[in-house]
Amino acid sequence: MTHVPGETPPELEMMNWKWMLAMGIVLAIGGVAALLFPFVASLAATGFAAAAFFVAGVLQLWLAFTAGDGSRGGRLVAGLLGLLMVVFAVSLFAQPLSGMVSLTILAGAMFLTLGVVRIVMAWRMRHRPRWGWLVASGALAVLLGLMILLALPVSALTVLGILLGVDLLTSGIAAIAIALQARNA
């Protein structure tokens, strides 16, 4: 069998869909596990968020001190932002349950904000057909945000884990579908 330059060899294509399938299966299993154990998944999500905030804060601080371009005030603001991110990360690590509440409040506020924005956008597009779907999507996001916020602090024990589980499960299913499509192509 000869290989045509510029085309992917069949062995490589075969390997790629198998790796994509394996990744999809791992993601889907992780999603199911997160949905079965949302408290543990919420703790894991809080730890991951803490690590991300810490790394971002350290990088922000480094940029504030090493960047030669920019005003002193801009570098000061960047440094303060980096310091705040590091302090927030340390507080998430030190108090993960309180951190879960903080992150859950942020998630609820995000749903509320996205919902209101969608409703406003839909209202501005009301002359277009099917603008009501955007209103429905916005209303659902507002409802989710209110459910999360009104159920605090109990919702903090599971919401992050459920959101993580849904994301992992849908990402896994999508990866599996892509892999199976690539295999059949």
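Structure shown above.
In this convention, every chain numbers its residues from 1, walking through the sequence in written order. For this predicted model, a pLDDT threshold of at least 70 governs which residues receive local features, and a threshold of 80 or more governs which side-chain atom pairs are given and counted, while totals over whole chains, interfaces and linings are taken from all residues. The side-chain figures draw on all heavy atoms in the structure; neither hydrogens nor water molecules are used.

A. Broad picture of the overall build of the chain. The number of helices and strands found in the chain is six helices and zero strands. In this text, helices come from DSSP runs of H or I with a minimum length of four residues, and strands from runs of E with a minimum of two, each type numbered from the N-terminal end. Secondary structure elements of the chain occur, N-terminal to C-terminal, as α-α-α-α-α-α. With the radius of gyration taken over C-alpha atoms, the globule rule is written as 2.2 Å times the number of residues to the power 0.38. Here the C-alpha radius of gyration of the chain, 22 Å, is well above what a compact globule of 185 residues would show, namely 16 Å. We call a residue buried when its accessible area falls under 20% of the maximum for its residue type, exposed when it is over 50%, and partly exposed in between, using a 1.4 Å probe and counting protein chains only. Here the chain, with 185 residues, has 24% of them falling under the buried criterion. Should any heavy atoms of two residues lie within 4.5 Å, those residues are considered in contact. Pairs at least 24 apart in sequence give 77% of the contacts found in the chain among residues at least 6 apart.

B. A look at the nonpolar core. Buried Ala, Val, Leu, Ile, Met, Phe, Trp, Tyr and Cys residues that are joined via side-chain atoms within 4.5 Å together make up what is termed a nonpolar core. One finds Ala 45, Ala 49, Ala 50, Leu 92, Met 100, Leu 103 and Leu 160 forming the largest nonpolar core, which totals seven residues. By residue number, the principal contributor to this core is helix α2 (residues 38-66), which donates three residues. Excluding its chain neighbours within four sequence positions, the residues that come into contact with Ala 45 are Leu 160 and Leu 164.

C. View of the side chain of Thr 46. With respect to the helices, strands and loops of the structure, Thr 46 is situated in helix α2. Residues contacting Thr 46, with those up to four places away along its chain left out, are Leu 92, Pro 96, Gly 99, Met 100, Leu 103 and Leu 160.

D. The arrangement of the packing of aromatic side chains in detail. Only Phe, Tyr and Trp rings are paired, with Trp represented by its six-membered ring, and only when their centres lie within 6.5 Å; those with planes under 30 degrees apart are stacked, over 60 edge-to-face, the remainder tilted. Tallied over the entire structure, the rule returns two aromatic pairs. Note on Phe 53 and Phe 88: the rings are 4.9 Å apart at their centroids and 85° apart in plane angle, and the pair reads as edge-to-face. Separated by 35 residues along the polypeptide, Phe 53 in helix α2 and Phe 88 in helix α3 (residues 72-94) bring together distant segments of the chain. Sitting over the face of the ring of Trp 17, Arg 183 holds its NZ or CZ atom 5.5 Å from the ring centroid. Counting as a charge over the ring demands two things of the Lys NZ or Arg CZ atom: a distance within 6 Å of the ring centre and an angle within 35 degrees of the ring normal.

Don't take any of this as a statement about function, it's just geometry.
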